[in-house]
Amino acid sequence: MKLHEYQGKELLRQFGVNVQDGKVAYTPDEVRTIAREYGQPVVVKAQVHVGGRGKAGGVRFSPTIDKAHENAEKILGMDIKGLTVNKVLVTKAVDIDAGVEYYVGMIVDRNVQSFTLMASAEGGVEIEEVAAATPEKIIRHRVDPVTGLRPYEAREVAIKAGFKGNLNKIADMMVKMSKAALERDAVLVEINPLFIDADGTPLALDTKFEIDDNAMYRHKDLLSWRETEAEHPLEIEAAKYGFAYVKLDDGNVGVLGNGAGIVMTSLDVVNRAGAKPANFLDIGGGAKAEIVYNAVKLVSKDSDVKAIFINIFGGITRADEVAKGVIQALNEGILTKPVRMRIAGTAETEAKALLAEVNSPLIQMYPDMFQAAEAAAQDANNAGEKK
Amino acid sequence: MSILVNKDTHVIVVGMTGREGANHTKAMREFGTQVVAGVTPGKGGQTHEGLPIYNSVAEAKANHPVDASIIFVPPAGAADAVLESAHAGVPLVILITEGVPTVDMMKAVQEVNRLNQESLSQGGKGVRLIGGNCPGLISSGECKIGIMPNSIYAEKGRIGLISRSGTLTYEAGKLLQLAGLGTSTTVGIGGDPVIGTTFADVLPLFEADPDTDAIVVIGEIGGADEEAAAEYIKNNMKKPVVAFISGRSAPAGKRMGHAGAIIMGNIGTPESKLAAFKDANVPVADTMPEIIELVKKVLNK
């Protein structure tokens with residue numbers, strides 16, 4: 001689960017990280033009130049779940065109260081990469097020239113089977129850019145997941161990264177960030193820029209925070225922060241069924257299968273067949289007819305989908321259950337697009353018999369995944385041409 | 001021969017009395033696996049289909065020879081169950097559970113690695129964790145500790161198979177079977193970001209196995225395990241390896257079902273994996289059936 005900047009800052013604040021003061025506002029008038037209360041220049045920052053807010057004009061320095069109001073009018077309602085901004089964070093502005101900007105972050109790193117702490121004196125820019133241009137400027141350090149980052153390790157990293165300022169305070173902030181990452185099941189946490197003022201005191205000006213979805217059961221207090229605006233409506237519906245579903249752009253073939261690997265491969269096969277997958281949908285292992293029915297229903301709702309490719313390799317999943325689910329969708333009139341499927345393995349013969357009985361041109365079975373994908377691709381591309 | 005497990009491997013099932021545990025215990029026994037006992041805390045003293053149930057792994061181990069444990073425990077208790085088996089001295093622990101929090105896995109994997117080092121330094125068998133979010137492992141015709149369909153692995157072949165995906169493992173196993181090649185041992189390492197055993201950990205076992213002639217590695221987008229495998233192959237392996245990478249058309253930044261299948265920035269891209277395998281002279285199949293063609297080709301060399 002991705003958090004907004006203000007939410008990430010709130011979490012870090014709970015762990016004692018020195019975070020720049022700020023308040024959330026939903027209207028220009030609220031922004032005016034906050035700017036007046038702060039009595040100093042502020043920054044008005046769009047709160048949306050996409051990167052590149054600054055470049056899109058979603059982050060604006062506001063030297064006066066009127067300017068803050070004016071900037072809020074510009075930002076609220078603005079579209080950033082397809083998402084409408086409906087709230088902003090108003091923070092006290094900092095005189096960047098009076099200090100320096102650094103980067104610290106922690107990310108789940110499978111290569112070290114733990115978190116890797118990253119620190120760089122090149123702050124205020126995307127760390128990916130630093131990694132691409134000057135990777136030597138990023139110091140990396142494996143964090144022990146049981147003990148967390150210890151102060152001496154943090155000091156060592158800060159020194160290696162060339163951080164200037166109050167070494168103990170900077171290390172303390174890194175230790176607190178590590179505590180937040182471990183206790184709040186972060187996948188990623190970044191403080192960027194990490195501002196060091198003229199006195200050498202660190203201050204978190206911006207953050208990124210993403211939490212492991214598998215751990216949300218122990219962070220129920222954060223569930224109300226979940227926002228579905230950035231998600232496709234079909235993704236929200238899929239979540240209700242417990243499906244692993246991802247809506248893909250510019251597709252025309254709906255794809256569903258049993259198992260993440262087989263679905264990933266199905267996307268590849270559809271691409272090779274000259275069409276584009278419209279979604280990723282894993283119905284999981286051992287799916288019963290009802291689950292398949294729900295999956296077909298969901299994919300059929302997608303207006304991008306012109307044909308459906310079902311790829312099942314039956315191990316725990318029974319092919320006849322898959323057939324029953326598809327047939328039910330057909331009988332209820334939900335299924336109006338051609339379904340091209342390959343179901344191999346357990347109860348394959350029974351599945352074939354069920355489909356032969358129905359004998360609908362909308363449902364065809366193929367002996368391998370390529371033929372099924374090619375048929376679906378052809379149907380989808382033809383349907384597109386007819387328009 | 002085979003790697004890791006064979007017909008003499010004694011297995012306990014942790015979570016045997018749950019729905020998944022019960023179903024798969026049955027299937028494993030039908031395959032011929034020597035399941036000796038089950039563990040379900042609170043149900044010690046009961047029996048399940050003729051097998052004794054114990055309250056703890058230690059109790060099961062005190063009463064039976066135990067070479068491996070397979071864990072069917074819900075996500076919240078899964079890492080704890082791994083540590084219970086590891087501390088009880090079970091040398092091979094297989095975690096099937098999907099959806100375990102990554103931080104739990106980090107802690108468990110680190111502790112298992114430490115116990116492994118301790119055990120090995122004292123002349124013990126070590127401790128190995130396979131998974132989580134994996135289908136387990138199977139030595140064809142001998143022993144299954146996992147959830148894969150039995151029929152594909154009835155007869156022994158001479159190809160080793162390692163995979164991050166469950167269903168693709170079955171698919172590849174089936175294709176190898178139909179081609180008359182068959183599998184020696186199949187290891188599903190799991191689709192999570194932090195797992196106990198990686199490609200590079202399994203490859204040396206196959207390299208040393210006299211009954212394995214070639215190895216198939218089924219990778220996917222996300223992480224750099226395939227790159228590490230390629231590096232190992234390049235520097236250490238004499239046996240031929242064939243690779244496959246799933247999710248090559250997936251967009252960056254989107255998680256493809258598996259928690260670990262996500263391209264983050266420039267890490268985990270198919271391009272990086274293809275380049276690494278190319279550098280190691282490992283042919284990469286574009287489709288599943290092409291795996292078979294490539295295996296035949298490398299065997300004829």
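Okay, so let's go over this structure. (Residues numbered from 1 in each chain as written. Chains lettered and ligands numbered in written order. Predicted model: local features only at pLDDT ≥ 70, side-chain atom pairs only at ≥ 80, totals over all residues. Heavy atoms only, no water.)

Considering the overall build of chain B
As a reminder of what qualifies: Secondary structure elements are defined from DSSP: runs of H or I of at least 4 residues count as helices, runs of E of at least 2 residues count as strands, and each element is numbered from the N terminus. C-alpha atoms define the radius of gyration, and 2.2 Å times the number of residues to the power 0.38 defines the globule rule. For the exposure calls, accessible area comes from a 1.4 Å probe over protein chains only, and a residue counts as buried if that area is under 20% of its type's maximum, exposed if over 50%, partly exposed in between. Whether two residues are in contact is decided by their heavy atoms: any pair within 4.5 Å suffices. Each accessible area value is a Shrake-Rupley result obtained with a 1.4 Å probe; residue values ignore everything except the protein chains displayed when judging cover.
Within chain B, the secondary structure is distributed over nine helices and 14 strands. By the compact-globule yardstick of 19 Å for 301 residues, chain B fits well, its C-alpha radius of gyration being 19 Å. Referenced to the eigenvectors of the C-alpha coordinate spread, the extents of chain B come out at roughly 55 × 40 × 40 Å. By residue count, 62% of the 301 residues in chain B fall in the buried class. Long-range contacts, defined here as pairs at least 24 residues apart, represent 72% of the contacts in chain B between residues at least 6 apart. Accessible surface, chain B: about 10,800 Å² in total, of which carbon and sulfur atoms supply 50%.

A closer look at the packing of aromatic side chains
All names here are of chain A. As a reminder, the rule being used: Working definition: a ring pair exists when centres of Phe, Tyr or Trp rings (six-membered ring for Trp) sit within 6.5 Å. Plane angles under 30 degrees give stacked, over 60 give edge-to-face, the rest tilted.
A full pass over the atoms with the stated rule returns two aromatic pairs over all chains. Ring centres of Tyr102 and Phe163 lie 4.3 Å apart, and the angle between their planes is 5°; on these two criteria the pair is classed as stacked. Taken together, the positions of Tyr102 in strand β7 (residues 100-109) and Phe163 in the loop between α5 (151-161) and α6 (167-183) put the pair 61 residues apart, joining distant regions of the chain. The exposure class assigned to Tyr102 is buried, which follows from its relative accessible area of 5%. Where Tyr241 meets Phe243, the ring centres are 5.5 Å apart and the plane angle is 40°; that geometry is what we call tilted. Classification of Phe243 as buried rests on a relative accessible area of 10%.

A few points about the pattern of salt bridges
Short version of the rule: Any Lys or Arg side-chain nitrogen located within 4 Å of an Asp or Glu carboxyl oxygen qualifies as a salt bridge.
With the rule as written, the count across this model stands at 44 salt bridges over all chains. Close ionic contact of Arg32(A) with Asp66(A) constitutes a salt bridge, the shortest N to O distance being 2.9 Å. Taken together, the residues span a long stretch of sequence, with Arg32(A) in helix α2 (residues 28-38) and Asp66(A) in helix α3 (residues 65-75) at a distance of 34 residues. Classification of Asp66(A) by relative accessible area gives exposed; the value is 51%. Measuring nitrogen to oxygen at the nearest pair gives 3.6 Å for the salt bridge that ties Asp211(B) to Arg158(B). Of the two residues, Asp211(B) is situated in the loop between α6 (199-208) and β12 (214-220) and Arg158(B) in strand β10 (residues 156-163); the sequence distance between them amounts to 53 residues. Connected through salt bridges with shared partners, the residues Glu5(A), Lys9(A), Lys45(A), Arg53(A) and Asp206(A) form a single ionic network.

Describing the sheet that holds strand β14 (residues 284-285) of chain B
Residues and elements named next belong to chain B. Here is the rule we go by: Two strands qualify as a pair provided DSSP detects at least 2 bridges between them.
The seven strands are arranged β9-β8-β11-β10-β12-β13-β14 in an open sheet whose pairing can be described as mixed. Two strands in the sheet have a free side with no partner beyond their single neighbour: β9 (143-146) and β14. As defined by bridge partners, strand β8 (residues 136-139) adjoins strand β11 (residues 183-188) across four bridges and the pair is classed as antiparallel. Its bridge partner lying in β11, Leu137 is registered against Val187.

Focus on the packing of helix α7 (residues 225-236) of chain B against helix α8 (residues 270-279) of chain B
All names here are of chain B. What counts here: For helices, the fitted line uses only the C-alpha atoms of the stretch in contact; every axis is such a line through C-alpha atoms, and the angle between N-to-C directions lies from 0 to 180 degrees. Note on angle classes: values under 35 degrees are labelled roughly parallel, values over 145 roughly antiparallel, values of 65 to 115 roughly perpendicular, and the remainder oblique. Think of it as three bins: nonpolar holds Ala, Val, Leu, Ile, Met, Phe, Trp, Tyr, Cys and Pro, charged holds Asp, Glu, Lys and Arg, and polar takes everything else, Gly as well.
Across the interface, α7 lies against α8 with an axial gap of 8 Å and an inter-helix angle of 5°. Taken together, the axes of α7 and α8 lie roughly parallel to each other. Each of Glu226, Glu227, Ala230, Ile233 and Lys234 in α7 lies in contact with α8, whose residues at this interface are Ser272, Lys273, Ala276, Phe277 and Asp279. A class-by-class count of the residues in the contact of α7 with α8 yields four nonpolar, one polar and five charged.

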